[in-house]
Structure formats: C-alpha cells, structure tokens
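Residues per chain, in single letters:
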Amino acid sequence: MNYHLYPVSFKKYSLILVVFFFFAALLAWSMELYFERLYGDLTRAGCFSERDFGWQVAQPAISPELFKNYSIAEADVLVIGDSFSEARIWQTQLVSEGLKVSTMHWQDFKSNDTIWGALRSDLGQALRSAGFKGRYVIIESVERLFQKRMKALSGIHQPIGKTEHLLISNPHPYPQRERVSFNKLNGANWGINTLYNTLKLSWIAPKQLQSNFVRAVSFEGCQLFSHRLCQYAIFTDGDFSKETFNAIDNVVAINKSLQTVAIQAIWLIVPDKSTIYLGYGQLNEHPYQNIWQSFAQFPELIAPDLGAAFIEKSRMVKDFYLPNDTHLSTNGQLYFGELVSQAMGKQLKIKFLYNVARSNEK
C-alpha cells in the first residue's frame, strides 16, 4: 500500500498552533486559579500546594522598630542561632524590654575570623576578643542539627557545614496570606509535580508520601492546623534521620568555657516539628534521646524544656508551627520569646538573691 505524504497547509499548521497555545494558556490559567503564592519552605521544596497546606489563621503584626539588630560590641545579649532566630521575631520580646540584642546565624558565626580563629581553644575568650561585653549568650539550634553544632563548637573537627536555607527569612512576617499568579513565583515543573502530589493525596490517600526531602504523613490535625488538607501534616525528612543525641559532654564543656569569662549561656533547643505533632522519636531511624531530659541532669545548664512547653502550647494555639513550613508561626515565635524572657528573668532574680545573701553575710 502506498502512502502519499502531503505538506501541511499554512492554514492547517496555523490552526494546530492556535489550538496548542490555547490549551497551554488554558492550563496555565487554571493553575493560576488553583495555586497561590508560596509562603512555606516545605510546600516549595516538596511540591505541595499552598491551597492545601497554606495557613488560614491570621498572625499578629509586630512593630518594625523591634527588629533592630545591634553590633556584638553594643549588645547585652548575643544570640547564635539558625533560621528560627534569623528573622529576629522572638527576639522582639527582649528588645521590647529594653535589651540590646545581637543575632548571628551559625554561618555568620563561622565566617567571623576573630571568633572562629580562637574557637578551638576557648569559646568564651573568643567572644570577649570579638568585643562582646554582655552577660548573656543564647545558643539556639533546631533539634535535628544541635548535636553536629555542639561537636563543632567544642573542638571536635566536625565543621558546622551549610544548613538548610530553604527560603530567605522575612524580617517582617505576613499577618495575612495573599494570592498571586503562581507562574510568577513557582514555575511549570513545580506546578506539574504539585498537581501529581495533590491528586495522590486526594484520591489514593497514602499513609505517607515522600516528595523530594519533604514527607506528608497522615495525621488527625484539624484541631491543630488551619490548612485545608489538615488530615495530613508535612515535615522535612531530616526530622526522621537525626542521630541519637550523645553530645551533652560537649555542651557542659562549652558552658564552662563561657562561665570562666562571666558569660551565662542559655540553651534553646527548638523541637523538630515532628517531635511536637507526632511525638518524641516517632518515625525516627535511630533510637531517640530526649535532649531536654539530658540537660535536666546538669543543674548548671539553663535550658528551658521547649519540648514539653511547645507540645502543651501547640494544643491551645492553632498553627503553632506553620502547616506549610518547618518553622514556628508568628504566634509561636512570640510565645518562644516569652519563654526566653522568663528564663533570663529567673536568672537575674537568682543573681540578685545571691548578692543579697552575700551582703548579709558581710
């Protein structure tokens, strides 16, 4: 049988192009209607829809002047922290009380040659050499990365390394979420993968869904979160692969180094999101060690039990952690700041009573 191939006419070719671009535009328009501006590091990295996982409860606004960051030499309080501190939201509680707070990210801390050069021998002396004259150093780290950082600070040659900066922290948090066209921020590849994940969660309803390094876990969370698909919660996969905590000796050594130069350390280990909502060590690959219980065995260490405090508060405040993110909401951050203020106030009171007792002895 002979087949004769005839060239496509210009009219027919043009019609094919018009139909193709019409359906492409229709698809893009439909996705713009469905998807929303990306706010969360987990929705962006894991290709999950903001429409399904975006927070709905409005967050409080904070006065911009409370976000002021002082130099190390000016500061009463030096914060060494990660993305939970980088946006300086919880620190606004201390600033509102008249304290001068300087915040350094772990990466900034490592890049400071004055501090890092002297760090291997003595952290306390390194901070004094860098010009810090204050009384308090707050060392903050998310639970899953705390052990690695402590080994780096205490002289074991394990570099702090690059930690996740999934999104640039916004120093002025959004009180409300906004809708914008998805293709201005996300991209077509993200949209296709997100459609696939949305369909799978809606129709197949798996117990867990792995997408990049984000994991959706079946979860009865409608009393705890405001997002539409509240029968699921999403977490970073690092929550489930952390090693068993065994660095308390490193912490004690660092604490002693700071005390020798009259610096009081306050240790803030921020619980992983999975710790708060799934329970201590659930789904973790390694045996779980409660860090806050380890701290409690050493009276010289000041470390609020954020695990217990956050679990309790998360059952009273919807979206305590953001449903689309690894981080605390603004409400959660402000509560965090209250706990830090209380811990510092307690220490000031102890010091005052100690000085009074010594005066009476004389």
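Conventions adopted
Residues numbered from 1 in each chain as written. Predicted model: local features only at pLDDT ≥ 70, side-chain atom pairs only at ≥ 80, totals over all residues. Heavy atoms only, no water. Buried < 20%, exposed > 50% of the residue type's maximum accessible area, 1.4 Å probe, protein only. Helix = DSSP H or I, 4+ residues; strand = E, 2+ residues; numbered from the N terminus. Pairing = 2+ DSSP bridges. Phe/Tyr/Trp six-rings, centres within 6.5 Å; stacked < 30°, edge-to-face > 60°. Contact = heavy atoms within 4.5 Å. Arc of directions from axis to C-beta. Polar contact = N/O pair within 3.5 Å; in protein donor to acceptor, adjacent residues only side chain to side chain. pLDDT = per-residue confidence, 0-100.

1. Section: the pairing of strand β4 (residues 208-211)
Part 1: Burial of β4 is one-sided: the residues Leu209 and Ser211 facing one way are buried, the residues Gln208 and Gln210 facing the other way are not.
Part 2: Summarising the sheet, β4 and strand β5 (residues 214-218) pair through four bridges and their orientation is antiparallel. Considered in β5, the bridge of Ser211 is made with Val214.
Part 3: Hairpin connection, β4 to β5: the antiparallel pair is bridged by two residues, and Asn212 has positive phi, about 55°.

2. Regarding the packing of aromatic side chains
Part 1: Applying the stated criterion across every chain, the model contains 20 aromatic pairs.
Part 2: Taken together, a centroid distance of 6.3 Å and an interplanar angle of 85° make the contact between Phe146 and Trp267 edge-to-face. You can see Phe146 sitting in helix α9 (residues 143-153) and its partner Trp267 sitting in strand β7 (residues 264-270), a full 121 residues away along the chain. Assigned by exposure class, Phe146 and Trp267 land together as buried.
Part 3: On the numbers, 5.9 Å between centres and 85° between planes, the contact of Tyr277 with Tyr321 is edge-to-face. Residue Tyr277 is found in helix α12 (residues 273-277), and its partner Tyr321 is found in the loop between α14 (306-314) and α15 (330-361); the two are separated by 44 residues along the sequence. For the pair Tyr277 and Tyr321, a shared accessibility class is recorded, and that class is buried.

3. So, the environment of Leu334
Part 1: Position of Leu334 among the secondary structure elements: in helix α15.
Part 2: Owing to a relative accessible area of 25%, Leu334 belongs among the partly exposed residues under this scheme.
Part 3: The sequence separation of Leu334 and Gln91 amounts to 243 residues, and the corresponding C-alpha distance is 8.4 Å.
Part 4: Among all residues touching Leu334, those that are not within four sequence positions of it are Pro60, Ile62, Ile89 and Thr92.

4. Digging into the side chain of Asn197
Part 1: Its place among the elements puts Asn197 in helix α10 (residues 188-204).
Part 2: The residues touching Asn197, leaving out its near neighbours within four places in the chain, are Gly46, Cys47, Phe48, Leu209 and Ser211.

5. Structural notes on α14
Part 1: Residues Leu306, Gly307, Ala309, Phe310 and Ser314 constitute the buried set of α14. Angular distribution of buried residues about the axis of α14 spans 165°; they occupy a single face of the element.
Part 2: Among the residues of α14, the N-terminal cap falls to Asp305, whose side-chain oxygen and the backbone nitrogen of Gly307 are separated by 3.3 Å.

6. Description of the confidence of the model for the protein
Part 1: Looking at the protein as a whole, its pLDDT mean stands at 81, while 72% of the residues score no less than 70.
Part 2: Every residue in residues 156-169 is under pLDDT 50, and counting partners more than four places away or in other chains gives 39 contacts.
Part 3: Here residues 349-360 scores under 50 on pLDDT; set against residues more than four positions off or in separate chains, the count is one contact.

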